[in-house]
Amino acid sequence: MLIFDILNLIIGTVFLLCYGYQLVYLIIAYSKRPKADPTSPPHRLAVLIAARNESRVIHNLLQSLKEQDYPEGYCSIFVVADNCTDNTAEIAREMGATVYERFNKTEVGKGYAIDYLIKSIDRDFGDIYDAYIMFDADNTLKPNYLTEMNNTFSRGFEVVSSYRNPSNYGENWRAGGMGMYFLRDSRVLNLARMRLGTNTYITGTGFLFSRELCKRYGGWPFHCLTEDGEFTMHNAVHNAKCGYCNSAMFFDEQPVKLRDSWNQQTRWCKGGLQIFKIYLPSLIKGIFSKRWLSYFDTLMTLTPAYVLSMTAVAVNTLGFIVNILMGHNPLTLIPEILMLIGICYFGLIPFSISITISEWENICASAPKKILYMFTFPLFLFTFIPAAFVALFKKVEWKQISHEGKKN
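Undergrad: How do you make sense of the packing of helix α7 (residues 173–196) against helix α13 (residues 334–358) when you look at a structure like this?
TA: Running from amino to carboxyl end, α7 crosses α13 at an angle of 75°, the nearest separation of the two axes being 10 Å. Taken together, the axes of α7 and α13 lie roughly perpendicular to each other. Along the contact surface, α7 presents Met180, Leu183, Arg184 and Val188, while α13 presents Phe351, Ser352, Ile355 and Thr356. The residue inventory of the contact of α7 with α13, partitioned by class, reads five nonpolar, two polar and one charged.

Undergrad: Would you take a moment to explain the nonpolar core for this structure?
TA: It is characteristic of soluble globular proteins that their nonpolar side chains tend to be buried jointly. Among the nonpolar cores identified, the biggest contains 117 residues, and Ile49, Phe209 and Phe231 are the most heavily contacted of them. With nine residues, α7 is the largest single contributor of residues to this core. Sequence-distant contacts of phenylalanine 209, defined by excluding residues within four places in its chain, comprise Leu48, Ile118, Ala131, Tyr132, Met134, Glu158, Val159, Cys214, Trp220 and Phe231.

Undergrad: Would you mind going over the packing of α13 against helix α14 (residues 367–382) with me for this structure?
TA: Any two packed helices are characterised by how steeply their axes cross, that is the angle between the axes, and by the distance between the axes. Taken N-terminus to C-terminus, the directions of α13 and α14 make an angle of 140°; their axes are 9 Å apart at the nearest point. Classified by the angle between their axes, α13 and α14 sit oblique to one another. Taken as a pair, α13 and α14 cross one another with a handedness that is right-handed. Here Ile341, Cys344, Tyr345, Leu348, Ile349, Ser352, Ile353 and Thr356 of α13 come into contact with α14, specifically with Lys370, Met374, Phe375, Phe377, Pro378, Leu379, Leu381 and Phe382. Looking at the contact of α13 with α14, its residues break down into 13 nonpolar, two polar and one charged.

Undergrad: I'm lost on the pairing of strand β4 (residues 131–136) in this one. Help?
TA: In regular strands, side chains alternate between the two faces of the sheet. In terms of residue burial, β4 counts as a mostly covered element, since six of its six residues are buried. Alternating positions in β4 separate into two faces, Ala131, Ile133 and Phe135 on one and Tyr132, Met134 and Asp136 on the other, with burial throughout. Across six bridges, strand β1 (residues 45–51) lies against β4 in parallel orientation. Bridging from a neighbouring strand, alanine 50 pairs with aspartate 136 of β4. Across four bridges, the pairing between β4 and strand β7 (residues 207–210) is antiparallel.

Undergrad: Explanation requested: the environment of arginine 52 in the structure shown.
TA: By the secondary structure assignment, arginine 52 is in the loop between β1 and α3 (58–66). Along the sequence, arginine 52 and cysteine 364 sit 312 residues apart, while their C-alpha atoms lie 26 Å from each other. With residues near it in sequence (within four places) discarded, arginine 52 still touches Asp82, Asn83, Cys84, Val108, Trp398 and Gln400.

Undergrad: So what exactly am I meant to see when it comes to a nonpolar patch on the surface here?
TA: On the surface, a nonpolar cluster with roughly 390 Å² of combined accessible area is contributed by Val313, Phe389, Leu392 and Phe393. For the nonpolar patch, the leading source of residues is helix α15 (residues 384–393), giving three residues. If you trace the backbone, leucine 392 turns up in helix α15. Residue leucine 392 is classed as partly exposed on the basis of its relative accessible area, which comes to 37%.

Thresholds applied
- Residues numbered from 1 in each chain as written.
- Predicted model: local features only at pLDDT ≥ 70, side-chain atom pairs only at ≥ 80, totals over all residues.
- Heavy atoms only, no water.
- Axes fitted to C-alpha atoms, helices over the stretch in contact; angles between N-to-C directions.
- Helix = DSSP H or I, 4+ residues; strand = E, 2+ residues; numbered from the N terminus.
- Parallel < 35°, antiparallel > 145°, perpendicular 65-115°, else oblique.
- Contact = heavy atoms within 4.5 Å.
- Nonpolar A, V, L, I, M, F, W, Y, C, P; charged D, E, K, R; others polar.
- Core = buried A, V, L, I, M, F, W, Y, C linked by side-chain atoms within 4.5 Å.
- Buried < 20%, exposed > 50% of the residue type's maximum accessible area, 1.4 Å probe, protein only.
- Left-handed = near helix turned anticlockwise from the far one by under 90°.
- Pairing = 2+ DSSP bridges.
- Patch = residues over 30% accessible without salt bridge, like charges linked within 9 Å, V, L, I, M, F, W, Y side chains within 5 Å.
- Areas by Shrake-Rupley, 256 points an atom, 1.4 Å probe, with all protein chains shown as cover.
- Salt bridge = Lys/Arg side-chain N within 4 Å of Asp/Glu carboxyl O.

Below, the structure written as structure tokens:
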């Protein structure tokens, strides 16, 4: 029916209007080669690691921290072994980390664990650190990581994100899809955002934040299912100065199993709904301020893809039902649905191709898989649609993602 054809065209057009500006980010990110920041005197850094039953991988992270070229005595490593039933705490202590064991079955989640860790450090060590850097237990770092982050932090940024490189990118199309998502977020979006002076997006791990900012926020009061997204939104509405360090590279492991990937996606979608309720009014209000671009960009990361995908599902489901009730062939909607999918698919392809070419040497995969995953990346993002639908109606809780300790 014509009405559903028009609605699908409108949805596709709105999608391009909402995200077309990111093609400009692509140009900005590649307009000139990113350079490392000038060497600066070292700040005192506290590394924060929240770990739950991570005995298989935490050794690799702690070893890579010990191998940093950062001046000795300027970095301390802290681990919160959160509700662990294995020997994560023992391994961390043997590797020289200061470990706090936490057992709390009521306040469950990384946000609560990090808040507990920060308050424990303040209680036992006082006001001696200039900034915190957060990692997940499955991460490993390039030897110059802390040095490069310190150099960018010295430019006056209160929050600094870094280059997130998936260690198991080539394992399958799910790991490759999520890997491309993070490479796009780092190498293109966050680099362009910093050059424009807007709010960079934090994605869970591999980021620095100043102790002064933490004091202003009252610790780590971010307890949604996606506490990193909540932190990002909070930074936007409180005008924190956010930067990105392209020369600080770390590796992390992406979900390979369908179950783990599904659990992660539904948690992210549910967490997005939680953040939506908290920050939407402030973000909309901010669009009419002098920092409108920062607020608009932050709002686009939170809202439209979710709303548009749900709208598309609802419109086309209704279209099928109406066609059946009126005795028409419901398959007549297929061309319009394919058109909508095509608009979204080919709108994402420029990112995957440009990133694969520019980061070819850094991507941890064989050449055939690098090429293949350029074209499966949009398909991977489409798998968020059923996850978003389920998150609307289902109670979602944090579930552990299994890590194998894949080396880059």
